[in-house]
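# Geometric and topological summary
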Amino acid sequence: MENRLRLFYSLQIVDSNLDELQEMKGDLPQIVAELSETVKNKLARKKELEDILKKSIVSRDQADVDIITLKEKIEKYKTQQFQVKTNKQYDTLAREIDLAQEKITKLQKDMESLEGKAANSKEDVEKLAPEIETLQSDLSDRKKELAAVNKEHEDEELKLQHQREKIAARISKADYQMYDRIRKAKDGRAIVAVQRKSCGGCFNRVTPQRVLELRKNAAIITCERCGRILVSDEVVESAIKSL
Ligand SMILES: [Zn+2]
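These numbers come from a predicted model, not from an experiment. (Residues numbered from 1 in each chain as written. Predicted model: local features only at pLDDT ≥ 70, side-chain atom pairs only at ≥ 80, totals over all residues. Heavy atoms only, no water.)

## Section: the coordination of the zinc ion
All of the protein donors around the zinc ion are Cys199 (SG), Cys202 (SG), Cys223 (SG) and Cys226 (SG); their distances to the metal are 2.2 to 2.3 Å. Each of the four donor atoms bound to the zinc ion contributes to angles spanning 101 to 115 degrees, and the resulting shape is tetrahedral. All donors to the zinc ion come from one chain, and their sequence spacing reads C-x2-C-x20-C-x2-C. For Cys199, a relative accessible area of 0% puts it in the buried group. You can call Cys202 buried: its relative accessible area is 16%. (Donors = N, O, S within 2.8 Å, 3.2 Å for Na, K, Ca; no water. Tetrahedral: all angles 85-135°; square planar, octahedral: opposite > 155°, others 65-115°. Buried < 20%, exposed > 50% of the residue type's maximum accessible area, 1.4 Å probe, protein only.)

Rendered as C-alpha cells:
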C-alpha cells in the first residue's frame, strides 16, 4: 500500500511541476489557439464572399446576354407583324412581344439585385482583407513568443513528461482514473500531505484517529471535507526520494 500511495504522491509532484510550467506560459497557448481559430473562420468567410461575388457577376453577365437575345427576338416579331396576313397571327406575335418584354423587365431587376449583391460582397471582402492581415501578423507574433517560451522550458518539460509516463505506467487504471477525477475537481491537487494535523488542500482538521490510520500507510484515506487523498510525511519523503 505504501508503494501505491508513494506512486500517487510522485505523480502529484510531477503534475504540479508540469502545471507550474504551463502557468509560466500564461495565456499564450490559449491566445494562439483562439487567434488561429478566428483567422481560420475569417478566411472561410472571405472565401465565401468571394464565391458569392464571382457567382453574382457570372449570373449578371448571363442575364445581360439573355436580355440581348430577347431584344433581338422582339425585333424579329415586330418585323414579322408587318408580314402576317390575319389579325390572329398579328395578336399571337403581339403576345410573344409582351411576354419577351416581361422577361426583360424581370431580368433587368435580377441584374440590379445581382449587381447589389456583388458590390456588397466586394465591400465586405475589402473590409475583411486588412482585418485578416492584422490578425495573421498578431498570430505570427504570438506563435513566436510561445515558441520562445516553449524552447526555454523544453528540456525540463520533456524530463517531467518522461517521469510522468514512467510513474503513470505503474499505477492501475482505476487508481489513475480516481486520481485524475479528484485532480480535475480540486484545482490540480488530488494528493496532499497532512500538515499540522490538517488537510494540506483545504486545511480542514484531520481527526487524531484518522491521523493514526494515515501513519500506517495502509489504506487510501481521503479528507472528509474536500475529498483529496491524504498521505503521511513518510510517503511524501519517499516519493520525493524516488524521483
Ligand atoms: Zn481537505
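After that view of the structure, there is still more to cover.
## Side note on the pattern of salt bridges
Under the criterion given, the structure shown has 18 salt bridges. In this structure, the salt-bridge partner of Asp19 is Arg183, at a minimum N-O distance of 2.9 Å. Of this pair, Asp19 sits in helix 1 (residues 2-25) while Arg183 sits in helix 4 (residues 173-185), placing them 164 residues apart in sequence. By relative accessible area, Arg183 is classed as buried at 16%. (Salt bridge = Lys/Arg side-chain N within 4 Å of Asp/Glu carboxyl O. Helix = DSSP H or I, 4+ residues; strand = E, 2+ residues; numbered from the N terminus.)

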